[in-house]
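So the chains spell out like this:
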Amino acid sequence: DGHRVTSGNYDPVDYWAGGVQMVALNFQTVDQHLVVNNGFFDVQKKSGYILKPPYLRRDGGGGPSTAQVGLQVVAGFQLPGPAQEGGRCLSPKVR
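Residues numbered from 1 in each chain as written. Predicted model: local features only at pLDDT ≥ 70, side-chain atom pairs only at ≥ 80, totals over all residues. Heavy atoms only, no water.

Participant: Which residues make up the environment of tyrosine 10, and what values do they have?
Facilitator: As for its position among the elements, tyrosine 10 is in the segment before α1 (12-17). Here tyrosine 10 falls in the partly exposed class, since its relative accessible area comes to 49%. (Helix = DSSP H or I, 4+ residues; strand = E, 2+ residues; numbered from the N terminus. Buried < 20%, exposed > 50% of the residue type's maximum accessible area, 1.4 Å probe, protein only.)

Encoded structure:
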C-alpha cells in the first residue's frame, strides 16, 4: 500500500527467482530474510555476485521463450480518445 512503517525485509528469494539483478535489504534488521541473503552469498565465497540460473541467461539454457497469452479487459478509465476527437480522455464502461 506504499505506507510501510516497519523496517522488516521482503523475501529476496522471490525476486532472485524472477531474475531481479539487485535486491535491497535493510541490514539494520537481522531477520530470516537477511540471514537467507547472507547464506546465499556465503556459498559463493563472498564474491558479491551470483550468475542467474541458465534459463534466465541468454548465453545458455534456452534463452528467451515465447508464449501466447489471452487477456480479458474487465475495466478501463481515462483512455485516450481517437485523434479525430482531439485525443480527449474517454471513460468508457468496458464489458
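Okay, back to it.
Participant: For the environment of proline 12, give the residues involved together with the corresponding values.
Facilitator: Inspection of the secondary structure assignment puts proline 12 in helix α1. Residue proline 12 is classed as buried on the basis of its relative accessible area of 0%. For proline 12 and valine 36, which are 24 residues apart along the polypeptide, the C-alpha to C-alpha distance reads 8.1 Å. Non-local contacts of proline 12, meaning those with residues more than four positions away in its chain, are made with Val23, Leu25 and His33. (Contact = heavy atoms within 4.5 Å.)

None of this, on its own, says anything about what the molecule does.
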